[in-house]
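Remarks on the overall topology
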Amino acid sequence: MLREVAVEDAVGLVLAHDLTQILPGEFKGRLFKKGHVVRAEDIPALLSIGKEHIYTLELGAGYMHEDDAAKAMATAVAGSGVELTEPHEGKVTLKAAIHGLAQIDRSFVDEVNAIEQIALSTIRSNTVVQPRKSLVGTRVIPLVIAQSRIAEVQRLAAAYRDGHGGAAPVEVKPFRKLRVGVVTTGSEVFKGRIQDKFGPAVRAKVEALGSEVVEQRFTPDESETIVAEIRAFLQRGVDLILVTGGMSVDPDDRTPGAIRMSGADIVSYGTPMLPGSMLMMAYHGDTPIMGLPGCVMHDPYTSFDELLPRICAGERISRRDIVELGYGGLLG
Ligand SMILES: Nc1nc2c(c(=O)[nH]1)N[C@H]1C(S)=C(S)[C@@H](COP(=O)(O)OP(=O)(O)OC[C@H]3O[C@@H](n4cnc5c(N)ncnc54)[C@H](O)[C@@H]3O)O[C@H]1N2
Ligand code: MOO
């Protein structure tokens, strides 16, 4: 039960929740912590943040304090690669424990937020995160909430885990170290008319995820030569093959045809993302092979930057994954 007490009469009483001070441009944070025993000298500070009354709290059966509710929700949704902060002003934050790919199930999050008085606020799924990056904040809206609402969140999280082989709705997947083979097409590069810019760009992106380019091979715009280089990398057993350039509509653009001719299963030629619309996603058995359009060399973020981390995290890219890139995928 909540009881309201005038601050002047509150000396010796225990605060029922964290109290926040906001000084615009200077400070926003906790001035007093839940559990603090009010002292006479605190009264001016309490009045200065607009608190003429405080709550004392005796929780009735079937109710939870906001801190405990936030913690219970965070524990229910957190999986591997994730760590929790202590409650602060009624909020618990889930943070990345490792460098990896944040995976947060959108429909689960929507279902939880459809429960009234619950807030589960997340970053976008499939974001590359560094350790300590915030992934999710959990909070309930009132100071005290019916336990049944939190139990519903716990039920949804348990059902999610059952349906996903034990995986939690919020996880950070570690990156595997892939050995990557690069085939760079383009007669202008092969014949030395211009200097290669694709190699350094692709190498930087691969290495940022903890993988390595084992070799870069150069070919003119000839289908047979491109196919031969793809086959050679397959024979070497690399984990991923990237074929650069020659992906659009000119007669010299041989790459999509060569990837097909090499016997790959094509997931998609084209993605609904700009830049990066001319990317090809294909597989030879379990080995992914991608045709990378010129924009990957030039633009800081394309469909390649969206798909590469998922491949490094061990995902197999489906046609559906490509389809879903379109919404929010107009970047340039
Ligand atoms: N009429 C259309 N024009 C374009 C389309 C289209 O659908 N219709 N698509 C556009 C998109 S999207 C892209 S991306 C670009 C480039 O696609 P390509 O992958 O075919 O790129 P290339 O033609 O091979 O090269 C373009 C440009 O980049 C230079 N290049 C290529 N490789 C290298 C390298 N390794 N190092 C340095 N420079 C390289 C090449 O010399 C060209 O100047 O097409 C749009 N246009
Ligand atoms: O594959 Mo292209 O830019 O969409 O840049």
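Every value quoted in this text rests on a predicted model; they were computed, and no experiment measured them. (Residues numbered from 1 in each chain as written. Chains lettered and ligands numbered in written order. Predicted model: local features only at pLDDT ≥ 70, side-chain atom pairs only at ≥ 80, totals over all residues.)

1. Structural notes on the site of ligand 2
- As a structural note, the neighbourhood of ligand 2 is formed by Leu274, Pro275, Gly276, Ser277, Met278, Leu279, Pro293 and Cys295.
- Residue composition of the shell around ligand 2, grouped by class: 6 nonpolar, 2 polar and no charged. (Near = placed C-beta within 6 Å. Nonpolar A, V, L, I, M, F, W, Y, C, P; charged D, E, K, R; others polar.)

2. Some remarks on the domain arrangement of the chain
- Per the domain assignment, the segments making up the chain are domain 1 (2-57), domain 2 (63-174) and domain 3 (179-323).
- Between the C-alpha centres of domain 1 and domain 2 the distance comes to 29 Å.
- Counting residues at the interface gives 8 residues for domain 1, matched by 7 residues for domain 2.
- Among the residues making up the side of domain 1 that touches domain 2, the classes are represented as 3 nonpolar, 2 polar and 3 charged. (Domains from an automatic or database assignment. Contact = placed C-beta atoms within 7 Å.)

3. Re the UniProt feature "domain: MoaB/Mog" (unreviewed entry) in the chain
- With numbering aligned to this structure, UniProt lists the feature "domain: MoaB/Mog" (unreviewed entry) at residues 181-311.
- Annotated as residues 181-311, this span is 37% helix and 26% strand, and its ends, taken at the C-alpha atoms, are 14 Å apart. (UniProt positions renumbered as here; feature names shortened; annotations may be inferred. Helix = DSSP H or I, 4+ residues; strand = E, 2+ residues; numbered from the N terminus.)

4. Description of the site of ligand 1
- For ligand 1, the set of nearby residues contains 22 residues, the closest of which are Phe198, Gly245, Met247, Pro293 and Gly294.
- At the level of secondary structure, the elements contributing two or more residues to the shell around ligand 1 comprise α5 (187-190) and α9 (295-298).
- When the residues that make up the shell around ligand 1 are grouped by side-chain class, the tally is 9 nonpolar, 8 polar and 5 charged.

5. Side note on the environment of Val170
- Turning to its location among the elements, Val170 is positioned in strand β13 (residues 170-174).
- When the C-alpha atoms of Val170 and Gly192 are compared, they prove to be 48 Å apart, with 22 residues separating the residues in sequence.
- What Val170 contacts, discounting residues up to four positions off in sequence, is Val77, Ala78, Gly79, Val82, Leu94, Ile104, Leu135 and Val136.

6. Section: the sheet that holds strand β14 (residues 179-185)
- Judged by pairing direction, the sheet is mixed, and its 6 strands sit side by side in the order β15-β14-β16-β19-β18-β17 without closing on themselves. Every interior strand has two partners, whereas the edge strands, β15 (212-219) and β17 (265-269), have only one. Averaged over all adjacent pairs, the angle separating strand axes in this sheet is 15 degrees, with direction ignored. (Pairing = 2+ DSSP bridges. Axes fitted to C-alpha atoms, helices over the stretch in contact; angles between N-to-C directions.)

7. Focus on the environment of Lys173
- Structurally, Lys173 is set in strand β13.
- Considering only alpha carbons, one finds Lys173 and Ser125, 48 residues apart in sequence, at a separation of 11 Å.
- With near-sequence residues (within four places) excluded, Lys173 lies in contact with Gly81, Gly100, Leu101, Gln103, Ala313 and Gly314.

8. Here we look at helix α7 (residues 223-236)
- In this model, α7 (14 residues) spans 20 Å end to end at C-alpha, consistent with the 20 Å of a helix rising 1.5 Å per residue.
- Burial in α7 covers these residues: Ile226, Val227, Glu229, Ile230 and Phe233. Looking down the long axis of α7, one finds its buried residues gathered within 160 degrees of arc, a one-sided arrangement. Of the residues in α7, the exposed ones pointing more than 90 degrees away from the buried face are Glu224, Gln235 and Arg236.
- Tucked into the core, α7 has its buried residues touching β14, β15, β16 (240-244), α8 (255-261) and β19 (287-292).
- Backbone geometry just downstream of α7 places Gly237 in the positive-phi region, at approximately 75 degrees. (Expected span 1.5 Å × (residues − 1). Buried ≥ 20, exposed ≤ 12 C-beta atoms within 10 Å, placed from the backbone. Arc of directions from axis to C-beta.)

9. Brief notes about the sheet that holds strand β11 (residues 134-140)
- Spatial strand order, β6-β7-β11-β9: 4 strands in an open sheet with antiparallel pairing. Edge strands, defined here as strands with exactly one partner in the open sheet, are β6 (82-84) and β9 (118-122). Here the strands of the sheet are splayed against their neighbours by 20 degrees on average, with no regard to which way each runs.
- Sheet analysis places β6 next to strand β7 (residues 92-96), joined by 3 bridges and oriented antiparallel. Residue Val82 lies in a different strand from β7, and its bridge partner there is Ala96.
- Contacts from helix α2 (residues 66-77) reach β6, β7, β9 and β11, with the element oriented near 140 degrees to β11.

10. Overview of the pairing of β7
- Residues Val92, Leu94 and Ala96 point to one face of β7 and are all buried, whereas Thr93 and Lys95, pointing to the other face, are not buried.
- With 4 bridges connecting them, β7 and β11 associate as antiparallel partners. Paired with Lys95 across the two strands is Ser134, which belongs to β11.

11. Thoughts on the environment of Ala146
- Tracing the backbone through its elements, the reader meets Ala146 in strand β12 (residues 144-146).
- Expressed as a C-alpha distance, the spacing of Ala146 and Gly60, which sit 86 residues apart in the sequence, is 9.6 Å.
- The residues contacting Ala146, other than those within four sequence positions of it, are Gly62 and Tyr63.

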